[in-house]
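Spelled out, the chains give:
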Amino acid sequence: MSATTSLSTHPLPVSSLRLDIFSQILLSIFTGEYPAGTRLKVQHLAKQYGVSSTPVREAIVELTGIGVVELFPNRGAVVAPFGIPEIREMYHVRRILEVESARCACECSDLEEIRQLLAETRHLQQATRDAQWTLLCSDIDKRTHTAIVNASGIKRLKAELNRYDRLMHMVRVLLKDSELYLDQILEEHLQVLEALLRRDQAAAASAMARHLEATCERAVEGIFVRGIDDSENIHP
């Protein structure tokens with residue numbers, strides 16, 4: 001199957017064109033439909049999506065920014081190699097950044113949001129495991145990481161982490177069996193949050209590192225070992 005023939009021919013919602021195209025291309029890269037070396041032709045993709053070339057070009061620029069697409073003279077946008085080594089490399093970079101954010105957050109004068117997240121996390125650990133619980137876990141996961149980087153007070157650190165935000169969001173979306181890991185994730189978050197409230201920089205950094213190392217291996221297992229279903233459209 002070619003890189004373009006399987007793209008949806010239905011026009012996408014105007015409000016989320018770029019994100020939808022970004023997500024669909026990233027999904028195709030994750031599933032291997034767009035293998036390394038595949039050329040992403042803007043006009044061809046735009047025709048398949050039924051949109052102008054602008055949102056397609058913007059999506060490709062964003063994919064280039066997170067390292068899954070490369071730009072070459074006379075060849076244009078080309079899918080970069082993507083597999084277990086690459087996803088581990090991405091998580092390695094994220095771990096470096098988030099470990100530093102946890103360390104710096106210990107010096108924040110106001111950790112009230114961290115305290116509230118700790119209380120919510122403990123409550124979720126005791127709550128009934130149902131569909132609502134799963135959604136709440138997903139929500140608190142994102143809020144916890146956002147709160148920690150905000151508490152670090154370093155704008156450039158936050159901006160750099162934001163570059164990987166949609167990539168990590170797509171990983172979470174594709175991990176259809178993530179419910180298996182939610183208790184483990186809550187416990188890992190708990191260790192980070194408790195260390196932050198003690199203002200123990202070494203413990204906070206160590207707990208964050210362990211959490212992201214485990215998250216990386218969960219992503220590897222869910223995407224590359226068990227595999228993912230590319231039969232559905234994935235939206236952010």
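Residues numbered from 1 in each chain as written. Predicted model: local features only at pLDDT ≥ 70, side-chain atom pairs only at ≥ 80, totals over all residues. Heavy atoms only, no water.

Peer 1: Quick one: what's the story with the overall build of the chain, residue by residue and with numbers?
Peer 2: Along the chain, the regular secondary structure elements total ten helices and three strands. Taken from the N to the C terminus, the helices and strands of the chain come in the order α-β-α-α-β-β-α-α-α-α-α-α-α. (Helix = DSSP H or I, 4+ residues; strand = E, 2+ residues; numbered from the N terminus.)

Peer 1: Can you break down the sheet that holds strand E2 (residues 69-72) residue by residue, with the values?
Peer 2: With antiparallel pairing, the three strands of this open sheet are ordered in space as E1-E3-E2. Because the sheet does not close on itself, it has two edges, and the strands there are strand E1 (39-40) and E2. The pairing of E1 with strand E3 (residues 76-79) spans two bridges and is antiparallel. Residue Arg39 lies in a different strand from E3, and its bridge partner there is Val78. (Pairing = 2+ DSSP bridges.)

Peer 1: An account of the nonpolar core is needed here, citing residue identities and associated values.
Peer 2: With 36 residues, the main nonpolar core has Ile25, Leu40 and Val68 as its most contacted residues. Breaking this core down by element, the ones donating at least two residues are helix H1 (17-31), helix H2 (42-49), helix H3 (53-65), E3, helix H4 (84-105), helix H8 (165-174) and helix H10 (201-225). Ranked by the residues each element gives to this core, the list is headed by H1, at seven residues. Those residues within four positions of Val68 in sequence are excluded, and the remaining contacts are Leu26, Ile29, Leu63, Val79, Ala80, Phe82 and Met90. (Core = buried A, V, L, I, M, F, W, Y, C linked by side-chain atoms within 4.5 Å. Buried < 20%, exposed > 50% of the residue type's maximum accessible area, 1.4 Å probe, protein only. Contact = heavy atoms within 4.5 Å.)

Peer 1: Pulling in residues and values, what's your account of the pairing of E2?
Peer 2: Sheet topology places E2 next to E3; four bridges connect them, and they run antiparallel. Following the sheet pairing, Val69 is matched in E3 by Val79. Turn length for the E2-E3 hairpin, with the two strands adjacent in sequence and antiparallel, is three residues, and the turn residue Asn74 shows positive phi of about 70°.

Peer 1: Please provide a residue-by-residue account of helix H9 (residues 182-197), values included.
Peer 2: Note that an α-helix has 3.6 residues per turn; residues three or four places apart therefore point the same way. Taking 1.5 Å of rise per residue, 16 residues should cover 22 Å, and H9 covers 22 Å from first to last C-alpha, within 8% of that figure. Those residues of H9 that fall on the buried side of the exposure criterion are Leu182, Ile185, Leu186, Glu188, His189, Leu190, Val192, Leu193, Ala195 and Leu196. Elements in contact with the buried residues of H9: H4, helix H5 (112-126), helix H6 (131-152) and H10. After H9 finishes, the residue Arg199 shows a positive phi value of roughly 55°. (Expected span 1.5 Å × (residues − 1).)

Peer 1: Mind laying out the packing of H4 against helix H7 (residues 155-163), listing which residues take part and the relevant values?
Peer 2: Closest axis-to-axis distance for the H4/H7 pair is 10 Å, and the angle between their directions is 145°. Of the two elements, H4 crosses H7, and the hand of that crossing is left-handed. Contacts from Arg94, Leu97, Glu98, Glu100 and Ser101 in H4 reach Leu157, Glu160 and Leu161 in H7. Its residues assigned to classes, the contact of H4 with H7 comprises three nonpolar, one polar and four charged. (Axes fitted to C-alpha atoms, helices over the stretch in contact; angles between N-to-C directions. Left-handed = near helix turned anticlockwise from the far one by under 90°. Nonpolar A, V, L, I, M, F, W, Y, C, P; charged D, E, K, R; others polar.)

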